[in-house]
Amino acid sequence: MTAMQRLLLQLPVSAVNMVKTVQSQVQGQEEDKSPVLTPDGVHQAWYSALQPDELRHLRSGGSGGGGGGRGGGGGGGGGGDHEEHSSLEEGGGGGSIFQSQPLRHDDLKEMLDSNKDSLKLEAMKRIVAMIARGKNASDLFPAVVKNVACKNIEVKKLVYVYLVRYAEEQQDLALLSISTFQRGLKDPNQLIRASALRVLSSIRVTIIVPIMMLAIKEAASDMSPYVRKTAAHAIPKLYSLDPEQKDQLIEVIEKLLADKTTLVAGSVVMAFEEVCPERIELIHKNYRKLCNLLIDVEEWGQVVIINMLTRYARTQFLNPNMNESFLEEGSDKTFYGSDEDSDEEEEDKDKKAEAPMVKRKPYVMDPDHRLLLRNTKPLLQSRNAAVVMAVAQLYFHLAPKAEIGVIAKALVRLLRSHSEVQYVVLQNVATMSIKRRGMFEPYLKSFYIRSTDPTQIKILKLEVLTNLANETNISTILREFQTYIKSMDKDFVAATIQAIGRCATNIGEVRDTCLNGLVQLLSNRDELVVAESVVVIKKLLQMQPEKHSDIIKHMAKLTDNIQVPMARASILWLIGEYCEHVPKIAPDVLRKMAKSFTNEEDIVKLQIINLAAKLYLTNSKQTKLLTQYVLNLAKYDQNYDIRDRARFIRQLIVPTEKSGALSKYAKKLFLAIKPAPVLESPFKDRDHFQLGSLSHLLNAKAGGYQELPDWPEAAPDPCVRNVEVFTLLERVTTLTSVPEWTKCSSREKRKEKKVDKPFYSDSDGESGPTESADSESDSASGSESGSGLEESGSGSESEEMSESEQSSEEEVRKHERKNKLRKSVSESESDDEEESESESSQSESEDSESEAEVKKKKKAAETKPPPKPVKKECKKEKKEMSLLDLDDFEPTPSPQATPLNSFLSSSLVNDLEGLSLSDAVLSPAAISPCSALKSYELLHRITGEGLCVEYCFSRQPFPPDANMVSVQMQFTNNATSDTKNLHMEDVKLQSGMRVNEFTEIELLPAGEAASAVMGIDFCDSTQAANFQLCTHRRKFFVSIQPPVGELMRPVFLTENEFKKEQGQLMGMNEISEKLTLDVKCRNEHAIVQRVITAANLSRVPCGSDKECRFGGRTVTSGSLVLATVSSREDGAAQLTVNCEKMVIGTMLVKDILLALTQ
Amino acid sequence: MIHSLFLINHAGDIFLEKHWKSVISRSVCDYFFEAKEKAVEPENVPPVLQTPHHYLISIYRDKLFFLSVVQTEVPPLFVIEFLHRVADTIQDYFGECSESLINDNVVTVYELLEEMLDNGFPLATESNVLKEMIRPPTILRSVVNTLTGSSNVGDKLPTGQLSSIPWRRAGVKYTNNEAYFDVIEEIDAIVDKSGTTVFAEIQGVIEASVRLTGMPDLSMTFMNPSLLDDVSFHPCVRFKRWESERALSFIPPDGNFTLMNYHVSSQNLVTIPVYVKQNICFFETGPCGRLDITIGPKQTMGKTVEALMVTIHMPKAVLSANLTATQGNYRYDLATKVLVWDIGKLNPQKLPNLRGSLSLQSGAPKPEDNPSLNIDLKIQQVAISGLKVSRLEMNGEKYKPFKGVKYLTKAGNFQVRT
């Protein structure tokens, strides 16, 4: 209640009063504190009181929303529908309807007021059906809104639907529902939190802007990525409601951009595009992460991200085609070139900066530019046409010319899709085929037209065919065109004739052939065909008239038959223009035209005047009288254009005493040589619009279109995309639990060494900071501490991702593969060394070290005789490995389930983990808890003959059985041969305990790692589960013993609930212990951190910062476990654990004590 | 992004509207109706229209227009693809996408639309996810619902939406575990008057119907994957495995879905299963014409050609057809001027023939052009490209599923010019 009251303070006084009244009434009547209206009387009074407000709102809303409509009769729309609709418009929000028809929907109101959910549901269904059909149901608002807190989920959902639809019209009443959603925002169930935020943000009521803002901010740091996704969705909603919130919203966007889950990525980029597309600098730090996540983002998000990244790349990288001649080798070489050693990289950067100035220097592609191209390429295989198109436009705008070809195949594939998809794709292909004809040439036949294609598709295909025509394929294309001319679809035929004309102008060799073909068409039966041919022939003849007087003669004859004005006009113009080629016919034509002058269309009349004038100038003897006759007719024409023209021409050509100096130049004016028209594609130069966009399709800027920037002259500093490694390390070290400390620092050293290799550090840092910055940052730190393999940096996000990356890069590095193989092997070996050094005892580590040494040599010998160790070669290898660390590393043993073996995705894992630590929901300021998972050794690789098994308690629910603790197993095969049929057998358990075995791993190749999840029901005891781990060769006896802290799962409690529960667990169930806190552990942050590491509990909110509370339940029996740590300034503290299972309580006290004091 | 959606029937009535942002008046559709009037065929309505304040992007599916209104820049394909997804979902839920079915289930459709978009941006479009939230209506369920009072709306968060495999719902259980795959190939061809193939290609699709318990991980390999030239996948297929091993590795969605689409590389010659001998001519004198069509088998790979059908869009001037068919029957639709000859099985011994006269409208000029023939056919148990599935394996679950692969060849856009 307190939170709500606080929020209510921000509401205007009237609204607050209103809500308060309701509350007091409600509190008086019902125990349930929901803001339910009293069923009768009261709300009606409010309702009519609201009217003036409402109407005002409606008026403003009407001009905004329906502005585009022209109101009038709906073309083919049914009359009845339309009437209804107009009444809706007039009736508006319902105030007036309510008054005029007070009895309307009474039955529905009655049903809504009833106690039966089934009746309510029925009523809501009928109401939603009304909304769906566009009928007005706004007068039911008061009756509906009070069901907002209904227990029945389906009723609730429908009420939400109603609310979102009408809240804008009934703002004040809608406020009554707000508190329900505010409560929902704090619900432990992420679905309820998310849906509350979704509805809250969809209610377009300006008064609640501050509430929405607060809710979005809180949700943006929620544990559940689903809720964060909803927050991202809410951002543009709030922005459209109140653009003044922009600055605050950008902050939230910035925060969410750093999110590393695939679930959030698409939504937040969409928010970015709607709110602040100009703030491109926000992308810098997230660029690499977005590129790497891309393949796992849902398809719609992919489209938005790819489009945004296209724009980003245009501002940050250099034009790969600026040095066309260098291109062929350039694109390949640069890739490797740019990964040269660190010092060389420096040089490269210099080069890049100089490149535009000194054109001769080879272009070097930024590795980030390459990363984008490489990571988007597999998406050409998406089933979603929009994704394919997005990638295609990215390649078109960003890729080196030599690489663009790959998109053609995918685009051609889309031509098999729905006709609307074809329509859009063909438009884009038409634009592309002008710039890069070669890329579609192999697919020429795919653009052949079928008689069943819709006309608009036919015409677009024709456009593409015309663009693709060249000397080699023109004969095929013309033959194809010939069949099209016979089509029954006349619009299409006309377009074909135009296309022939264009081919003829573009390709000199076939001009005569085309012309002859077109002349044959002049005898076509269809007048439209003839007319179109005339127009096209006219254009062609203009290019070389002297050769074709016979054609002109032929056309002159056509004037008797052809009636299409445009064609007649064309013929007349042609005869006039080239009258010296047809000196005998021209005057005769003029004679005929003079006869029919009055019946002609205007454009024809104008051309008759032109013809007359030209003839008068060249052949005045024969045509003087005719010309004067025509001019006289024109003088009295109804059209003033024609009258003007006649007057003007008379003055110009007929010499009189008054005529000015101009008449001397009449010949020059009329008989000047006119340049031939250029027939060009309507798609020419359309590529200044980003392809695939609406603006491109319409060839006009659409609202909100973001210009595709030109390439920069000099590349901006690529360092902006680097993510600082040092901060990462600091964070990692502070967040990792104490026992890992030593290991961490050693890793830190190693990392520091690598920092000077820029590329490496990039890829390493890129996922790191975002991960650790993120609240549920488990995978990064988890894998770091667990496996100690630095390569896991981004690899740990999911195996699949790195896999795909690997694939896309496959061709590029095929020839390098062997080298690298050896590399990565040795790399992993060395890692092992270090690991064993830090983890196992001295003597053992010596052992393993020597063993590893031996193996290393062996392997090196096996894979390939090492290339002659030239110094440079060595160097190259080094940097190569740093480049390829992402994809080349042998599958990283990350503690996350790999998609192959267990089917919990990393994002789900994250989320579930997030759930378990849901404290941040309550206190956004709370530190981000780290769930650095401690891993334990199950089988050492010496005893396991190369098979190394580690396990950790992943703290996720085990889906097959909620009473089981989920144990994540990590198998690494360090042996030289494959391990097969890895499974477990002969499970020995204490009574009551149960085990859910992990699925058999059929094959674990040498050097590979795999993971699996098993579930164990420990019956709330710390007894070990013993079993045999079997491979195809051997069996190993192993056992898993849980620390007591892993036998519980977090529960969500409020402060009050906590106190209440604690009160019931007094006496024997309470165990207290005094302690002195470790020096490093004297702040709230550290305490929470250590307790949560020691036990799988969640934080319970607490007013005082001197006290930290935690809650959980044991996994099997569900007994409550409550822990309290109250500390004093001097480090003295008291730990209290309340649990009805005394054994667990005692052990837990011990464990937490240890964690806090060490 | 997407502001509003209107569903419009063939006659031009708006029968459903949904707004994701502020309400936009129906009158915005007038621009669309105008364009619809102008375009004679519904297929010719431009998918993207510009109005003073809005952009209208529409698709035409199953005699319905799905018209969406957008106000700002958005990739048109994004909207078009989404609208098709809406139509697919409706079809998936109710069996077909028709006005009457949508009207019968208007609340469910409305709820679906509510879930599919949030503020105009797609939220949940995977059928498996949607079905967990809003269960499709079945007779059994409606009976159970009325008896027990339970609802059609799921009350828990669909796990799929959170995982990296959003296409599969969790906790799937079947007593019979089955995985069936249909490899369907379509021949697209243009054959010219003389019988030469102008253009031919094979497009294939693998339709899957998978009902397996738990989280099965399937992998499918082909005998001759090199045939496949261009492929596109359902999101469940792992790109990487395809790139490296040419194997389809995936955790399938539950139920029916399209696993992949492929294009057979153009290097391979396309076998054309039938040949057509035709002679259609219109006489200069007298209002009549003659038609004579014979179809025979060409390369059928030893299988029978079934469901053979010839469709001819006649010129407008053709009034009626007086023909005799040696096999099957024909009908000529006067209104649409479409002649359909349904042949059925092709008997190689006795070739089907259709001949007779066409009568033309008197006074109308002789049609310039002969209509082209569209051929439909089916060949069971063979993929015309020769593609064969070699293995289908399942990992991750213990039981043995029933597996099956079926092949089918169909004519796609198979056109004979005359």
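Source: prediction; values computed, not measured. (Residues numbered from 1 in each chain as written. Chains lettered and ligands numbered in written order. Predicted model: local features only at pLDDT ≥ 70, side-chain atom pairs only at ≥ 80, totals over all residues. Heavy atoms only, no water.)

## Some details on the overall build of chain B
Right, so step 1: Broken down by element type, chain B carries seven helices and 23 strands.
Right, so step 2: Split into buried and exposed, the 418 residues of chain B put 60% on the buried side.
Right, so step 3: The long-range fraction of contacts in chain B, counting pairs at least 24 apart against all pairs at least 6 apart in sequence, stands at 68%.
Right, so step 4: Working note: accessible area of chain B is about 16300 Å², and carbon and sulfur atoms make up 50% of it. (Helix = DSSP H or I, 4+ residues; strand = E, 2+ residues; numbered from the N terminus. Buried < 20%, exposed > 50% of the residue type's maximum accessible area, 1.4 Å probe, protein only. Contact = heavy atoms within 4.5 Å. Areas by Shrake-Rupley, 256 points an atom, 1.4 Å probe, with all protein chains shown as cover.)

## Some points on the sheet that holds strand 22 (residues 389–395) of chain B
Backbone-to-backbone hydrogen bonds pair the strands of a sheet. The strands run either parallel or antiparallel.
Residues and elements named next belong to chain B.
Right, so step 1: The strand order 12-10-22 describes an open sheet built from three strands, whose pairing is antiparallel. Of all the strands in the sheet, just strand 12 (247–250) and strand 22 have a single pairing partner and so form its edges. In this sheet, neighbouring strand axes are inclined to one another by 10 degrees on average, regardless of whether the strands run parallel or antiparallel.
Right, so step 2: Sheet topology note: the strand 10 (residues 217–222)/strand 12 ladder contains four bridges and is antiparallel. By the bridge assignment, Met-220 is partnered in strand 12 with Leu-248. (Pairing = 2+ DSSP bridges. Axes fitted to C-alpha atoms, helices over the stretch in contact; angles between N-to-C directions.)

## Re the interface of chain B and chain A
Right, so step 1: With 117 residues of chain B in contact, the opposing surface of chain A contributes 116 residues.
Right, so step 2: Carbon and sulfur atoms supply 56% of the area that chain B and chain A bury against each other, a total of about 10400 Å² over both sides.
Right, so step 3: Taken together, chain B and chain A are joined by twelve salt bridges.
Right, so step 4: The residue Lys409(A) makes a salt bridge to Asp229(B) at a minimum N-O spacing of 3.0 Å. (Buried area = accessible area lost by both parts, 1.4 Å probe. Salt bridge = Lys/Arg side-chain N within 4 Å of Asp/Glu carboxyl O.)

## A word on the sheet that holds strand 18 (residues 329–333) of chain B
All names here are of chain B.
Right, so step 1: Strand order in this open sheet of nine strands is 11-13-9-8-23-21-16-19-18, and the pairing throughout is mixed. Two strands close off the open sheet at either side, each with one partner strand: strand 11 (228–233) and strand 18. The mean angle between the axes of side-by-side strands here comes to 15 degrees, regardless of whether they run parallel or antiparallel.
Right, so step 2: Relative to strand 23 (residues 402–416), strand 8 (residues 178–191) runs parallel, the two being bridged by 13 bridges. Bridging across to strand 23, Tyr-180 finds its partner in Gly-404.

## With respect to the side chain of His54(B)
Right, so step 1: Take His54(B): it is sitting in the loop between strand 3 (48–50) and strand 4 (55–61).
Right, so step 2: When its relative accessible area of 1% is taken as the criterion, His54(B) is described as buried.

## Notes on the nonpolar core
Right, so step 1: The biggest cluster of nonpolar side chains holds 346 residues, and the ones touching the most others in it are Phe66(B), Phe181(B) and Ile295(B).
Right, so step 2: Per-element accounting of this core gives the leading share, twelve residues, to helix 22 (residues 385–398) of chain A.
Right, so step 3: If we skip the residues at most four places from it in the chain, Phe66(B) touches Leu5(B), Phe6(B), Leu7(B), Ile57(B), Ser58(B), Ile59(B), Arg61(B), Leu83(B), Val86(B), Ala87(B), Ile90(B) and Cys97(B).
Right, so step 4: With 56 residues, the next largest nonpolar core counts Tyr951(A), Phe971(A), Leu1047(A) and Val1091(A) among its residues. (Core = buried A, V, L, I, M, F, W, Y, C linked by side-chain atoms within 4.5 Å.)

## Quick look at the confidence of the model for chain A
Residue and element names in this part refer to chain A.
Right, so step 1: Overall, the prediction assigns chain A a mean pLDDT of 72, with 69% of residues at 70 or greater.
Right, so step 2: Contacts from residues 1–5, a stretch scored under 50 in pLDDT, to residues over four places away or in other chains number six contacts.
Right, so step 3: Predicted confidence for residues 325–359 stays below pLDDT 50, and this span has 55 contacts to residues more than four positions away or in other chains. (pLDDT = per-residue confidence, 0-100.)

## Focus on unusual backbone geometry
Residues and elements named next belong to chain A.
Right, so step 1: Even without being a glycine, Asp-685 presents a positive backbone phi close to 65 degrees.
Right, so step 2: Mapped onto the elements of the fold, Asp-685 is located in the loop between helix 36 (666–670) and helix 37 (694–698).
Right, so step 3: Positioned with a positive phi, Asp-1020 is a non-glycine residue whose angle comes to about 55 degrees.
Right, so step 4: Assignment of secondary structure puts Asp-1020 in the loop between strand 7 (1009–1017) and strand 8 (1025–1030).

## Brief notes about the packing of aromatic side chains
Right, so step 1: Under the counting rule described, the total for this entry stands at 25 aromatic pairs over all chains.
Right, so step 2: Relative to Phe78(B), the ring of Trp300(A) lies with its centre 5.3 Å away and its plane at 70 degrees, an arrangement referred to as edge-to-face. In this pair, Trp300(A) sits in helix 18 (residues 299–316) while Phe78(B) sits in helix 2 (residues 76–94), so the two residues belong to two different chains. One exposure class covers both Trp300(A) and Phe78(B), and it is buried.
Right, so step 3: Geometrically, the ring pair formed by Tyr484(A) and Phe492(A) is tilted, given 5.3 Å between the ring centres and 45 degrees between the ring planes.
Right, so step 4: Of the aromatic side chains, those joined through ring pairs into one cluster are Trp300(A), Phe78(B), Phe82(B) and Phe121(B).
Right, so step 5: Just above the ring of Trp573(A) sits the side chain of Lys538(A); from NZ or CZ to the centre is 5.0 Å.
Right, so step 6: The ring of Tyr93(B) has Lys131(B) sitting right over it, with the charged end atom 6.0 Å from the ring centre. (Phe/Tyr/Trp six-rings, centres within 6.5 Å; stacked < 30°, edge-to-face > 60°. Lys NZ or Arg CZ within 6 Å of the ring centre and 35° of its normal.)

## Observations regarding the packing of helix 25 (residues 455–468) of chain A against helix 26 (residues 474–485) of chain A
Residues and elements named next belong to chain A.
Right, so step 1: Between helix 25 and helix 26, the shortest axis-to-axis distance is 11 Å and the interhelical angle comes to 155 degrees. Between helix 25 and helix 26, the angle is such that the two are roughly antiparallel. Between helix 25 and helix 26 lies a crossing whose hand is left-handed. Taken together, the residues of helix 26 that come into contact with helix 25 (itself represented by Leu-462, Leu-465, Thr-466 and Leu-468) are Ile-477, Phe-481 and Tyr-484. (Parallel < 35°, antiparallel > 145°, perpendicular 65-115°, else oblique. Left-handed = near helix turned anticlockwise from the far one by under 90°.)

## Details of a nonpolar patch on the surface
Right, so step 1: Where nonpolar side chains cluster on the molecular surface, the patch consists of Leu662(A), Tyr665(A) and Leu669(A) and spans about 320 Å² of accessible area.
Right, so step 2: Topologically, Tyr665(A) is positioned in the loop between helix 35 (640–653) and helix 36. (Patch = residues over 30% accessible without salt bridge, like charges linked within 9 Å, V, L, I, M, F, W, Y side chains within 5 Å.)

## Brief notes about the pattern of salt bridges
Right, so step 1: In the structure shown here, the tally under the stated rule is 55 salt bridges over all chains.
Right, so step 2: Note that Glu403(A) and Arg370(A) form a salt bridge whose closest N and O atoms lie 2.9 Å from each other. With a gap of 33 residues between them, Glu403(A) in the loop between helix 22 and helix 23 (406–414) and Arg370(A) in helix 21 (residues 367–376) connect regions that are remote in the sequence.
Right, so step 3: Residue classification places Glu403(A) among the buried positions, given a relative accessible area of 16%.
Right, so step 4: The exposure class of Arg370(A) is buried, given its relative accessible area of 11%.
Right, so step 5: The partner of Glu126(B) in a salt bridge is Arg383(A), with the nearest N and O atoms 2.9 Å apart. Of this pair, Glu126(B) sits in the loop between strand 7 (121–122) and helix 5 (127–133) while Arg383(A) sits in the loop between helix 21 and helix 22, each in a different chain.
Right, so step 6: Each of the salt bridges in this network shares a partner with another, and the network as a whole consists of Lys157(A), Arg198(A), Lys237(A), Lys18(B), Glu114(B), Glu115(B) and Asp118(B).

## Describing helix 29 (residues 527–541) of chain A
Residues and elements named next belong to chain A.
Right, so step 1: For helix 29, spanning 15 residues, the distance from its first C-alpha to its last is 20 Å, which sits close to the expected 21 Å at 1.5 Å a residue.
Right, so step 2: With respect to burial, helix 29 is a largely interior element, twelve of its 15 residues being buried.
Right, so step 3: By the burial criterion, the buried members of helix 29 are Val-529, Val-530, Ala-531, Glu-532, Ser-533, Val-534, Val-535, Val-536, Ile-537, Lys-538, Leu-540 and Leu-541.
Right, so step 4: Residues of helix 29 that are buried make contact with helix 27 (490–506), helix 28 (511–521), helix 30 (549–558) and helix 31 (565–577). (Expected span 1.5 Å × (residues − 1).)

## Brief notes about the pairing of strand 9 (residues 1035–1040) of chain A
Residue and element names in this part refer to chain A.
Right, so step 1: Side chains Phe-1036, Val-1038 and Ile-1040 of strand 9 all project onto a buried face; the interleaved residues Lys-1035, Phe-1037 and Ser-1039 project onto a face where none is buried.
Right, so step 2: Pairing of strand 8 with strand 9, which is carried by six bridges, proceeds in the antiparallel orientation. Directly across from Leu-1029, in strand 9, lies its bridge partner Phe-1036.
Right, so step 3: If you look at the hairpin formed by strand 8 and strand 9, you'll find four residues sitting between the two strands.

## As for the side chain of Asn9(B)
Residue and element names in this part refer to chain B.
Right, so step 1: With respect to the helices and strands, Asn-9 occurs in the loop between strand 1 (2–8) and strand 2 (14–19).
Right, so step 2: Polar contacts involving the side chain of Asn-9 include one to the side chain of Glu-99, which spans 3.1 Å.
Right, so step 3: Aside from chain neighbours lying at most four places away, what touches Asn-9 is Phe-15, Lys-63, Leu-64, Phe-65 and Glu-99. (Polar contact = N/O pair within 3.5 Å; in protein donor to acceptor, adjacent residues only side chain to side chain.)

## A short note on the confidence of the model for chain B
Residues and elements named next belong to chain B.
Right, so step 1: Predicted confidence across chain B gives a mean pLDDT of 85, with 92% of residues reaching 70 or more.
Right, so step 2: Summarising per-element confidence for chain B, the mean pLDDT is lowest in helix 6 (residues 139–148) (60) and highest in strand 5 (residues 64–70) (93).
Right, so step 3: This complex was scored by the predictor with a pTM of 0.65 and an ipTM of 0.91.

## Considerations on helix 7 (residues 117–132) of chain A
Right, so step 1: An ideal rise of 1.5 Å per residue puts 22 Å on 16 residues; helix 7 of chain A measures up with 22 Å between its terminal C-alpha atoms.
Right, so step 2: Within the sequence span of helix 7 of chain A, burial applies to Lys120(A), Leu121(A), Ala123(A), Met124(A), Ile127(A), Val128(A), Ala129(A), Met130(A), Ile131(A) and Ala132(A).
Right, so step 3: Contact partners of the buried residues in helix 7 of chain A: helix 6 (106–113), helix 8 (141–145) and helix 9 (153–166) of chain A together with strand 2 and helix 4 (106–116) of chain B.
Right, so step 4: Looking one or two residues beyond helix 7 of chain A, the residue adopting positive phi is Gly134(A), at roughly 85 degrees.

## Overview of the environment of Val209(A)
All names here are of chain A.
Right, so step 1: Examined against the element boundaries, Val-209 turns out to sit in helix 13 (residues 209–220).
Right, so step 2: Note on Val-209: relative accessible area 4%, which makes it buried.
Right, so step 3: Along the sequence, Val-209 and Asp-242 sit 33 residues apart, while their C-alpha atoms lie 7.4 Å from each other.
Right, so step 4: Those residues in contact with Val-209 that sit more than four places away from it in its chain are Leu-238, Leu-241, Asp-242 and Gln-245.

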